[in-house]
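# Reading the structure
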Amino acid sequence: MKKYLYLYLFIFAALIALYQFVSANNMIKATNTKFGKLQAKIEKLEATNAKLEDSLQTTAINILDLKYFLLENNDDALSNFDHLNIDKPARYIADKLIETNESKGDNPLVPYEGMEGDFKINKIKVLNHKWILADFSDGKYWGELLIKYNLKDDLGVDFTMMDHLLYRRD
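The rules behind the values
- Residues numbered from 1 in each chain as written.
- Predicted model: local features only at pLDDT ≥ 70, side-chain atom pairs only at ≥ 80, totals over all residues.
- Heavy atoms only, no water.
- Salt bridge = Lys/Arg side-chain N within 4 Å of Asp/Glu carboxyl O.
- Buried < 20%, exposed > 50% of the residue type's maximum accessible area, 1.4 Å probe, protein only.
- Pairing = 2+ DSSP bridges.
- Helix = DSSP H or I, 4+ residues; strand = E, 2+ residues; numbered from the N terminus.
- Axes fitted to C-alpha atoms, helices over the stretch in contact; angles between N-to-C directions.
- Polar contact = N/O pair within 3.5 Å; in protein donor to acceptor, adjacent residues only side chain to side chain.
- Contact = heavy atoms within 4.5 Å.

## A closer look at the pattern of salt bridges
All chains considered together, the criterion is met by three salt bridges. For Asp158, the salt bridge identified is with Lys152, shortest N-O distance 3.4 Å. Residue Asp158 is classed as partly exposed on the basis of its relative accessible area of 37%.

In structure tokens:
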């Protein structure tokens, strides 16, 4: 009987070991499957992240290119206004140009008569210490102006329209 007792204990221990082996193997497979899916998601997110970082870098370069022809980024042009003690010369000049819209009727710098209303200046880019690009519109028709300006010592601004264009509507 003792002989069979050891045999039964051995078989029982073998079954427990087999159960542990199969259970652990199934757990490893399940973990690897979940880990594989997570790893695939992580790799996909890393690829997306890399694309977005490249896109941000490209956008930053494009913004720098757009800012190249602005008074705020031109130290040589800004030095012309040092003696006037103006914090933001471009903003001051743009405000003075917008004030020309206050006159009744079309803006005096726009060489066209409004067809659907009065032509008024909408957007302004101060390029340097002498030139401005401006967009004008009457609500339906629009165009652009190249304006020369002179900021005087008494902080008055003289504007002279140098060139203009009016876009056609088809």
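## Focus: the sheet that holds strand E3 (residues 142-151)
Within a beta sheet, neighbouring strands are joined by backbone hydrogen bonds and run either parallel or antiparallel to one another. Taken together, four strands build an open sheet; the order of strands is E1-E2-E3-E4 and the sheet is antiparallel. Single-partner strands in this sheet number two, and they are strand E1 (120-126) and strand E4 (157-166). Each strand axis lies, on average, 30 degrees off the axis of its neighbour in the sheet, ignoring direction.

## Observations concerning the side chain of Asn128
Here Asn128 is to be found in the loop between E1 and strand E2 (131-137). At a separation of 2.9 Å, a polar atom in the side chain of Asn128 contacts the main-chain amide nitrogen of Trp131. Look past the residues within four positions of Asn128 in its chain and what remains in contact with it is Leu71, Asn74, Ala77 and Tyr149.

These figures come from the coordinates and say nothing about function on their own.
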